[in-house]
Amino acid sequence: MKKMKHLIIPSLLVIGLVACNSDSNSVKEDVTVANAVQSPKRGTYGIETAHMNTEVSPGDNFFEYVNGTWLKNTAIPSDRSNYGSFGILRDQAEVRVRSIIETAASKENPSADEKRIGDYYNAYLDTATIEAKGLAPLEADLNRIRVAKTHEDILSLMTDVRLGLDAPVSPYIYIDAKKNDEYAVYLTQSGLGLPNRDYYFDEGEKSDAIRAGYVDFIAKMLSEAGVEGSMDRAKAVMEFETNLAEGHWERVKQRNRDLTYNKMTRAELNKLAPGMMFDTVFADLGLSDQDSVIVREKSAIENAAKVFAKTDVDVLKDYLTANLLSNHSSYLPAVIDEANFEFYGRTLRGQEEQRPRWKRGVSLVNGTLGEVVGKVYVKEYFPPASKAQMQELVENLRGAFKEGIDGLEWMGEDTKKEAQYKLAKFNPKIGYPDEFETYEGLNVDGSDLIGTVKSAREWSWNDELSQLGGPIDRAEWGMTPQTVNAYYNSVLNEIVFPAAILDAPFFDPNADPAVNYGGIGAVIGHEMGHGFDDQGRKSDGDGIQRDWWTEQDAEGFESRAAALADQYSEFEPLPGEFLNGRLGLGENIGDLTGVTMAYNAYKRSLGGKPAPVIEGMTGDQRFFMAWAQVWAIKWKDEALSTQIKNGPHSPGEFRANGIVRNFGPWYDAFNVTPENAMYIPPEKRVKIW
Ligand SMILES: [Zn+2]
């Protein structure tokens, strides 16, 4: 069964700032720490004014007003499905990481860590060896699938953590959301090759084409593995997945923390889903002694067990064969790698070209040995002064938030007290972990790429297993320092900002304060906002999932949240494809809260004095422009469509515009009137926090 990677805390629990998106392109000149540079990286005060389109009125389309010229003149690189502020920083981080890896690899007497990252990276780049070996590295595994006869045989393949195979149910180990001084085993729905259940049932030409492409892809994998009659068999695999999908929860329901916390005994689990033979599964995974389990999507797992039990072993064998090739495609000959890209890159994301091999190698090393790289990364590229400045910003945001809660007219005193406690307990992590992972025992063999991939999977699972029964690791990070993203983690009530996002346009020590507040300030507020979004509000200041709201205050919150969800459901990024306001609700509450708190913190920082006017722009104008600048992202239609369906993050345009139109000071800053397209009357504007 596919295990979550050690470094990545299960994404179902952690809420990042943007969708995970590892595709990447052009190599930018690497601007390093550059102590000598005292001017901002963008424009004269932190905003690239050359990117604006001043022909457009800010009140008609603020996103276009701030970014229009950039949007018009920028092509999405052919090996990417979207491009913009995040992608540009990712390019930079990638170039830096490559240099870290190559430096390590070229050392005469490398340390054990340096040797690991160098050997792994070089083995990945050695496509001649990969071609020469063909499918040989997987032959023994393919044969194990060939000789499988029973459902037990299938399960023993699915639970072999070294193979990383898909299965109808996926286990992972993480902190118990209601008893957060211990780790728990979670079970979640799994096993689909398409992004989510809707892809199996959505109507229309586009959806038909995706499904047809997927069946072709399965058939291709089967025929490459030497299976005869691959097209018919691929269709049978598709039918199996469709039956699984039938029971899968949709994304909106999966977000619901009340519905997805179902703690039960092993006996209860066996009764719920006998067909999955969980006693065997748990034994195979080294979990024999585990008495309890937290089931996320209860009815989906019940259904999965039924579907699994009634599906022919031959179909399950084909499912695993296709999956084995697909999930190793990047380590196999080009014909398989290309087929995988054709479907997952081109069809689903509109990406024209595969990313260059070295970039994919960087991703591989980052994913497996990320903190070895991160340790060097922060030493070379993250100035200690940035950390201090960030700490100050976080505290200023916290101060503004505190005032905000005090002033809420819809919330009663008891709930406010709990909210204040939670706010005071937010634990900020900035830049990099105090202690870096050492990956002890992870064996990297430069002459055996697939063997190393398997060892890494095994290592990760054992690392998770070792946490069971032990103390909570509060120092652990769910992202590496070289990740351009940020997250909130409710079980530890922490907000986390990796080093690589602490750069322009988000943060620039030399930019005007209004720009830093509108950029990283709003991002800090966004992550804090997750602690108080429609799901985050279900945990308390100590990270324990429990209801601390009076009924009346909960209603007050829900009605405001519903109004925001309704607004977002009206946005139509592609013809006929609307956002789902409920799917994006947590993110959009995060954004609305983030901008509100960052703005208030900015005003407080001025200490009652007026902000200077710079190049004709007021402080308030610069603040909002910074927010819109951060969301300058362009999308390929296919990727945008996938993003709309899979959420939860709204496309940049709607993150920029959908928020400011709810916020009074933006109207004042740009003289927005009822004649403007983005105008909404004051009584329809949503204010939650
Ligand atoms: Zn978020």
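Residues numbered from 1 in each chain as written. Predicted model: local features only at pLDDT ≥ 70, side-chain atom pairs only at ≥ 80, totals over all residues. Heavy atoms only, no water.

### Notes on the overall build of the protein
Here is the rule we go by: Runs of E in the DSSP output that reach at least two residues are strands. Runs of H or I that reach at least four are helices, and both are numbered from the N terminus. Each residue gets one of three labels from its accessible area relative to the maximum for its type: buried under 20%, exposed over 50%, partly exposed in between, using a 1.4 Å probe on protein chains only. When charges are counted, Lys and Arg contribute as positive and Asp and Glu as negative, whereas His and the chain ends are disregarded. All charge positions are set by atom: Lys at NZ, Arg at CZ, Asp at CG, Glu at CD.
Check the secondary structure of the protein and you find 26 helices and 10 strands. Judged by the C-alpha coordinates and their principal axes, the protein covers about 75 × 60 × 50 Å. By residue count, 61% of the 689 residues in the protein fall in the buried class. Counting 75 positive and 104 negative side-chain charges, the protein places the averaged centre of each group 1 Å from the other.

### Observations regarding the domain arrangement of the protein
To be explicit about the condition: Domain start and end points were adopted from an automatic or database domain assignment. Contacts: residue pairs with any heavy atoms within 4.5 Å of one another. When two components associate, each loses some accessible surface as probed by a 1.4 Å sphere; the sum of these losses over both components is called the buried area. Any Lys or Arg side-chain nitrogen located within 4 Å of an Asp or Glu carboxyl oxygen qualifies as a salt bridge. In protein, a polar contact means a hydrogen-donor-capable atom and an acceptor-capable atom, both N or O and within 3.5 Å, with residues adjacent in sequence counting only if both atoms are side-chain atoms; elsewhere, any N or O pair within 3.5 Å suffices.
Split by domain assignment, the protein resolves into domain 1 (27-76 + 383-435 + 479-684) and domain 2 (136-354). Inter-centroid distance (C-alpha atoms) of domain 1 to domain 2 is 36 Å. Taken together, the 29 residues of domain 1 in the interface contact 23 residues of domain 2. The largest per-residue losses of area from domain 1 upon contact with domain 2 belong to Q535, Q545 and K645, which jointly make up 29% of the total buried on that side. Taken together, domain 1 and domain 2 are joined by four salt bridges. Summed over the shared surface of domain 1 and domain 2, the number is 19 residue pairs in polar contact (both at pLDDT 80 or more). Every element with two or more residues in the side of domain 1 that touches domain 2 is listed here: helix 22 (585-605) and helix 24 (637-646). When residues of the side of domain 1 that touches domain 2 are assigned to their parent elements, the largest contribution, six residues, is made by helix 24.

### Things to note about the pattern of salt bridges
Tallied over the full model, the rule gives 41 salt bridges. Residues E458 and R162 are paired through a salt bridge, measuring 2.9 Å at the closest nitrogen-oxygen approach. Of the two residues, E458 sits in helix 19 (residues 449-467) while R162 sits in the loop between helix 6 (151-158) and strand 3 (169-175), which places them 296 residues apart along the sequence. Under the relative-accessibility criterion, E458 is labelled partly exposed at 30%. Note that K603 and D620 form a salt bridge whose closest N and O atoms lie 2.8 Å from each other. Of this pair, K603 sits in helix 22 while D620 sits in helix 23 (residues 619-630), placing them 17 residues apart in sequence. Given a relative accessible area of 16%, D620 falls into the buried group. Sharing partners across several salt bridges, the network here consists of R80, D91, E94, R355 and K359.

### With respect to the UniProt feature "domain: Peptidase M13 C-terminal" (unreviewed entry) in the protein
Let me state the cut-off plainly: UniProt positions are given in the numbering used here, feature names are shortened, and annotations may be inferred rather than shown by experiment.
With numbering matched to this structure, UniProt assigns "domain: Peptidase M13 C-terminal" (unreviewed entry) to residues 485-686. Overall, residues 485-686 shows 47% helix and 5% strand. The separation of its end C-alpha atoms is 26 Å.

### Notes on the sheet that holds strand 6 (residues 292-295)
This is how it is decided: Criterion used throughout: strands pair if DSSP finds at least two bridges between them. The convention used is that axes are lines fitted to C-alpha atoms, helices contributing only their stretch in contact, and that angles between N-to-C directions extend from 0 to 180 degrees.
Ordered in space as 3-4-6-5, the four strands form an open sheet in which the pairing is mixed. Two strands lie at the open edges of the sheet, namely strand 3 and strand 5 (262-265), each paired on one side alone. Neighbouring strand axes in the sheet, compared pairwise and without regard to direction, differ in orientation by 35 degrees on average. Most of the contacts of helix 13 (residues 298-310) go to strand 4 (residues 183-189), to which it runs at about 65 degrees, and overall it touches strand 3, strand 4, strand 5 and strand 6. In this fold helix 19 packs onto strand 3 and strand 4, with an angle of close to 50 degrees to the strand it touches most, strand 3.

### Some points on the packing of helix 6 against helix 14 (residues 313-327)
As a reminder of what qualifies: An angle below 35 degrees is read as roughly parallel, one above 145 as roughly antiparallel, one from 65 to 115 as roughly perpendicular, and any other as oblique. For any helix crossing, the convention is left-handed if the near helix is rotated counterclockwise from the far helix by under a right angle, and right-handed if that rotation is clockwise. Polar here means any residue outside two lists: the nonpolar Ala, Val, Leu, Ile, Met, Phe, Trp, Tyr, Cys and Pro, and the charged Asp, Glu, Lys and Arg; Gly therefore counts as polar.
At a closest axis distance of 10 Å, the pairing of helix 6 and helix 14 adopts a crossing angle of 15 degrees. With respect to helix 14, the element helix 6 is oriented roughly parallel. Every pair of crossing elements has a handedness; the one defined by helix 6 and helix 14 is left-handed. When helix 6 is examined against helix 14, the residues H151, I154, L157 and M158 are found in contact with a partner set consisting of V313, L316, K317, Y319 and L320. Taken together, the residues of the contact of helix 6 with helix 14 sort by class into seven nonpolar, one polar and one charged.

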